[in-house]
Amino acid sequence: MNDAHAKLRGVKRIYRGVGKQPPTHALGPVDLDLKRGEFLSVVGPSGCGKSTLLDVLAGLARPDEGTIEFEGKLVQGEVPDGIGVVFQEDSSFPWLTVRENAGFALARAGMAPAEIKERVDATLSFMGLASFAESYPVQLSGGMRQRLCIARTLVTRPRLLLLDEPFGALDQQTRLLMGDELLRLWRETGATVLLITHALDEAAMLSDRVAVMSARPGVILDLVETDWPRDRDSRIVSEPSFGAVTARLWSTLRGESMKSMATQ
Amino acid sequence: MKFDKLLVLAAILGVWQMTSLLVGVEVLTPPLGTFAKIGRLFADPDFGGHVWETTRAFALALVLSLAIGLLVGLALGADRLAAEVGEPMLTAFYAIPKVTLYPVILLFFGLGFAAKVAFGALHGIIPVALFTMAGVRNVKPGWLRAARAMRLTKLQIARSVLLPAALPELVAGLRVGTALTLLGTLIGEMFASQRGLGYLLLQAMERNDPATITALALLLTIFATSASALLLALERRLDHARVVA
Ligand SMILES: Nc1ncnc2c1ncn2[C@@H]1O[C@H](COP(=O)(O)OP(=O)(O)O)[C@@H](O)[C@H]1O
Ligand SMILES: [Mg+2]
C-alpha cells in the first residue's frame, strides 16, 4: 500500500491559446508522491510550469491528463478540505483589517465568532502580526503582507500547505528569516509542505526533498534527498553537506535554465 | 469643521447679495427675495403637483440608469475583449451632446412623461456603466483564486469578494449617475412637457421672471448637492481601507 499524502500520476496541463495563439504545453507528465509530513520543495527555471503544478495539485485547475489524489480521494476541479494555498502574488483583501483578513475563511465557513477570534489571535501572534491586528494591509510592509497571507491560510489548519514563491519579493535576509519561520511552522503544525521556489539555496536549506523541474513543459528531472534533521534552521547553510546539495541541484538546473533563457 | 461650512455658506450668500446689487435685482433676485419666493411657491396649490411629477420622472429614470448601467458595466467588465470594444464606444457616446438625440427620443416616446424619463436615463446609463466596468476591473484575479482556495461558494465569492472590491466605484457611479440623470430629466421637462420643475423653469424664462428662476435653481441645487455630498461621504468611507496612510 502506498500511504502518500498526495499522489500525482501522469499529470499534464496544456493551456489552450486565445484566438489564433497555439496551445502551450506547460506541464508534465509529472509523477510525484508527497509523503505525509514531509517538506518538499520544487525548483525550476521561470516559466517551467511550477505555478501550474500548484494549481492542478490544489484543484484550482483540472489537469488535461493524469490524476491527482489527496488523502486517497481524487482532486477534481475543486479545492479539497485540508489543502491550504499561499499564492505568489499578494492576495490579501485591502478592504479588510489584518484580523478580518485572517479570519475570512473561517467566517465564511460559519465558525462561531469566539472560536474565530481565538484561532486568529493565536495565528497572528505566531506570525508576529498581533500588534497589527486592526491595521489594513496597505499599512503593512511587503513581508508582513505575505505573512498575513500565510496566516490567513494557516487558520484553516491545512494538512497540506502549498506555497508558491511566497518570499519572492523579499530581500535575502528577510527570506532567510522567513524560511526559519516556515520551518518552525512546519514542525509545530505537522503539516505536509510543498514549497515552490526559484531559489536553490532556499530549497536546499528548508527541504527534506527537492524536486528539480525541467524547462517548459516542466517534468521532474531529479529528486534530491537532503537528510537534514527535523529541527534544522537557516544556519544549515554553513554545513559542508549543504554545498553538496546545492551543487547537485545546480548541475541539473544549469542546463535547464539556459534552455529556458533561450526560449524567452 | 462645522464652522468652516458655515463660513462657506455665509460667503456664498454674501457674493450672491453683492452680485444681485451689481447687476440689478430685476436680473438676479437677492437671497431674501428668493427665500420669500420659495415660500410663495410652496403655498401655491399647483406647485406640489409639479414637484411630484419631477420626482417621479427622476426616480424612474434613476432606477433605469442604475439597472441598465450596472448590467452593461458588469457584462463589459467581466470580459476583457468586450471591454476593449465597448469602452471606447461608451466614451464616444458619452461625449455626444445628448440634446442632439432629443428629436430621436421624442420620435420614440412622444411628448410627455416617457420622453423625460428616457432622456434622464440616457444621461445616467453611461457613467454608471463606465464606473461599474472600472469597479469590476479592480478585482484582482488573485483575490478570486484565494477565495476559491478557501473553498468559498460562488455566491460567497460574489458577496464577500466581488462586491466589496468594486463597491467604491459602484458608489461613484451612483453619485455621477444621479447628478446626470437629474440634469437629463430636467432638460427633458424643459422641452417636451407641460408639467414638472423643468417646465416651470422654462415658463419662467419665457415670462422673464427671475425670482422664480432663482428660486427653482436654488431648490434644485440644494437637492443635487446634498445627494452628491451624501454619496461622496459614503464613497470616502468605503475607500478608507485602501487609502489610509
Ligand atoms: N493562463 C495561461 N494561459 C496560457 N499560458 C499560460 C497560462 N498560465 C501560464 N501559462 C504559461 O505556462 C507556462 C508555465 O507557467 P507557470 O506555471 O506560471 O510557470 P512558473 O510558475 O514556473 O514560472 C509559461 O510559459 C506561461 O507563459
Ligand atoms: Mg510561478
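You'll find chain B entered in an unreviewed UniProt entry as ABC transporter permease, with Roseiterribacter gracilis given as the organism. Checking UniProt for chain B, the heading Subcellular location (unreviewed entry) contains the comment "Cell membrane". Quoted verbatim from the Sequence similarities (unreviewed entry) heading of the UniProt record, the comment on chain B is "Belongs to the binding-protein-dependent transport system permease family."

The name recorded for chain A in an unreviewed UniProt entry is ATP-binding protein, from Roseiterribacter gracilis. Heading Sequence similarities (unreviewed entry) of the UniProt record for chain A holds this comment: "Belongs to the ABC transporter superfamily."

S.K.: What exactly am I supposed to notice about the overall build of chain B here?
M.R.: Within chain B, the secondary structure is distributed over 10 helices and zero strands. For chain B, the succession of helices and strands along the chain, N to C, is α-α-α-α-α-α-α-α-α-α. The principal-axis extent of the C-alpha atoms belonging to chain B is close to 70 × 50 × 30 Å. Pairs at least 24 apart in sequence give 74% of the contacts found in chain B among residues at least 6 apart. Placing the 21 positive and 14 negative side-chain charges of chain B at their respective mean positions leaves the two points 13 Å apart.

S.K.: When you look at the site of ligand 1 in this model, what are you seeing that I'm missing?
M.R.: Residue and element names in this part refer to chain A. Every residue near ligand 1 is listed here: Tyr 15, Ala 26, Ser 46, Gly 47, Cys 48, Gly 49, Lys 50, Ser 51, Thr 52 and Arg 216. In this structure, Gly 47 approaches ligand 1 through a main-chain N or O atom, which is 2.8 Å from an oxygen atom. Measuring from an oxygen atom of ligand 1, one finds a backbone N or O atom of Lys 50 at 2.8 Å. Of the residues forming the shell around ligand 1, the biggest block, three residues, is contributed by helix H1 (residues 50–58). Of the residues assigned to the shell around ligand 1, the class counts are three nonpolar, five polar and two charged.

S.K.: Help me understand the UniProt feature "domain: ABC transporter" (unreviewed entry) in chain A, please; the structure alone is not making it clear to me.
M.R.: Here the UniProt-annotated "domain: ABC transporter" (unreviewed entry) positions come out as residues 6–240 of chain A. Counting secondary structure, residues 6–240 of chain A comes out at 31% helix and 26% strand; the distance between its end C-alpha atoms is 32 Å.

S.K.: Looking at this model, I keep getting lost on the confidence of the model for chain B. Mind explaining?
M.R.: Interpreting fine coordinate detail is not advised for predicted regions of low pLDDT. Residue and element names in this part refer to chain B. Per-residue confidence for chain B gives a mean pLDDT of 86, with 97% of residues at or over 70. Looking at the elements of chain B, mean pLDDT is at its lowest for helix H4 (residues 80–95), recorded as 80, and at its highest for helix H7 (residues 141–149), recorded as 92. Per the prediction output, this complex has pTM 0.78; the corresponding ipTM is 0.87.

S.K.: Explanation requested: the interface of chain B and chain A in the structure shown.
M.R.: When the parts of a complex come together, some accessible area is lost, and that lost area is often taken as the interface size. Of the residues lining the interface, 20 residues belong to chain B; the matching set on chain A comes to 24 residues. Roughly 2,000 Å² of surface becomes buried between chain B and chain A when both sides are summed, with 62% attributable to carbon and sulfur atoms. There are two salt bridges connecting chain B and chain A. Residue assignment for the side of chain B that touches chain A shows that the elements contributing at least two residues are H7, helix H8 (154–191) and helix H10 (210–243) of chain B. By residue number, the principal contributor to the side of chain B that touches chain A is H7(B), which donates six residues. Of the residues in the side of chain B that touches chain A, the class split is 11 nonpolar, four polar and five charged.

S.K.: Mind showing me how you'd approach H4(B) here?
M.R.: An α-helical turn contains 3.6 residues, so a residue and the one three or four places further along point in the same direction. Residue and element names in this part refer to chain B. With 16 residues, H4 extends 23 Å between its outermost C-alpha atoms, agreeing within 8% with the 22 Å of an ideal straight helix rising 1.5 Å per residue. Along its length, H4 shows its largest kink, about 30 degrees, at Gly 86, and proline Pro 88 lies within four residues downstream of that point. By the burial criterion, the buried members of H4 are Ala 83, Gly 86 and Leu 90. Considering only its buried residues, H4 is in contact with helix H3 (47–78) and helix H6 (113–137).

S.K.: Sorry if this is basic, but what is going on with the coordination of the magnesium ion (ligand 2) here?
M.R.: For a metal with four donors in a tetrahedral arrangement, the ideal angle between donors is 109.5 degrees, while six donors in an octahedron ideally sit at 90 or 180 degrees. Summarising the metal site, the magnesium ion (ligand 2) is bound by the protein donors A:Ser51 (OG) and A:Gln88 (OE1), whose distances to it range over 2.1 to 2.6 Å. On the criterion of sequence distance, the pair formed by A:Ser51 in helix H1 and A:Gln88 in the loop between strand S6 (83–86) and helix H2 (98–108) is long-range, its members being 37 residues apart.

S.K.: What is the right way to look at the pairing of strand S3 (residues 39–43) of chain A in this model?
M.R.: Regular strands place their side chains on alternate faces of the sheet. Residues and elements named next belong to chain A. Within S3, five of the five residues are buried, leaving the element largely enclosed by the surrounding structure. A two-sided burial pattern is seen for S3, the buried positions comprising Phe 39, Ser 41 and Val 43 on one face and Leu 40 and Val 42 on the other. Note: S3 against strand S9 (residues 209–213), four bridges, orientation parallel. Paired with Val 43 across the two strands is Val 212, which belongs to S9.

S.K.: Any chance you could explain the sheet that holds strand S10 (residues 220–225) of chain A here in plain terms?
M.R.: Sheets are built from strands paired through backbone hydrogen bonds, the pairs being either parallel or antiparallel. Residue and element names in this part refer to chain A. The six strands lie next to each other as S6-S7-S8-S3-S9-S10, forming an open sheet whose pairing is mixed. Taken across any chain shown, the strands that pair with only one partner, and hence form the sheet edges, are S6 and S10. The sheet shows a mean angle of 15 degrees between the axes of neighbouring strands, direction not considered. Pairing of strand S7 (residues 160–164) with strand S8 (residues 192–197), which is carried by five bridges, proceeds in the parallel orientation. Residue pairing in the sheet places Leu 163 in a bridge with Leu 195 of S8.

Cut-offs used in this document
- Residues numbered from 1 in each chain as written.
- Chains lettered and ligands numbered in written order.
- Predicted model: local features only at pLDDT ≥ 70, side-chain atom pairs only at ≥ 80, totals over all residues.
- Heavy atoms only, no water.
- UniProt positions renumbered as here; feature names shortened; annotations may be inferred.
- Helix = DSSP H or I, 4+ residues; strand = E, 2+ residues; numbered from the N terminus.
- Contact = heavy atoms within 4.5 Å.
- Lys, Arg positive; Asp, Glu negative; His and termini not counted.
- Charge placed at Lys NZ, Arg CZ, Asp CG, Glu CD.
- Near = heavy atom within 4 Å.
- Polar contact = N/O pair within 3.5 Å; in protein donor to acceptor, adjacent residues only side chain to side chain.
- Nonpolar A, V, L, I, M, F, W, Y, C, P; charged D, E, K, R; others polar.
- pLDDT = per-residue confidence, 0-100.
- Buried area = accessible area lost by both parts, 1.4 Å probe.
- Salt bridge = Lys/Arg side-chain N within 4 Å of Asp/Glu carboxyl O.
- Expected span 1.5 Å × (residues − 1).
- Bend = angle between axes of the 7 residues up to and from the residue.
- Buried < 20%, exposed > 50% of the residue type's maximum accessible area, 1.4 Å probe, protein only.
- Donors = N, O, S within 2.8 Å, 3.2 Å for Na, K, Ca; no water.
- Pairing = 2+ DSSP bridges.
- Axes fitted to C-alpha atoms, helices over the stretch in contact; angles between N-to-C directions.

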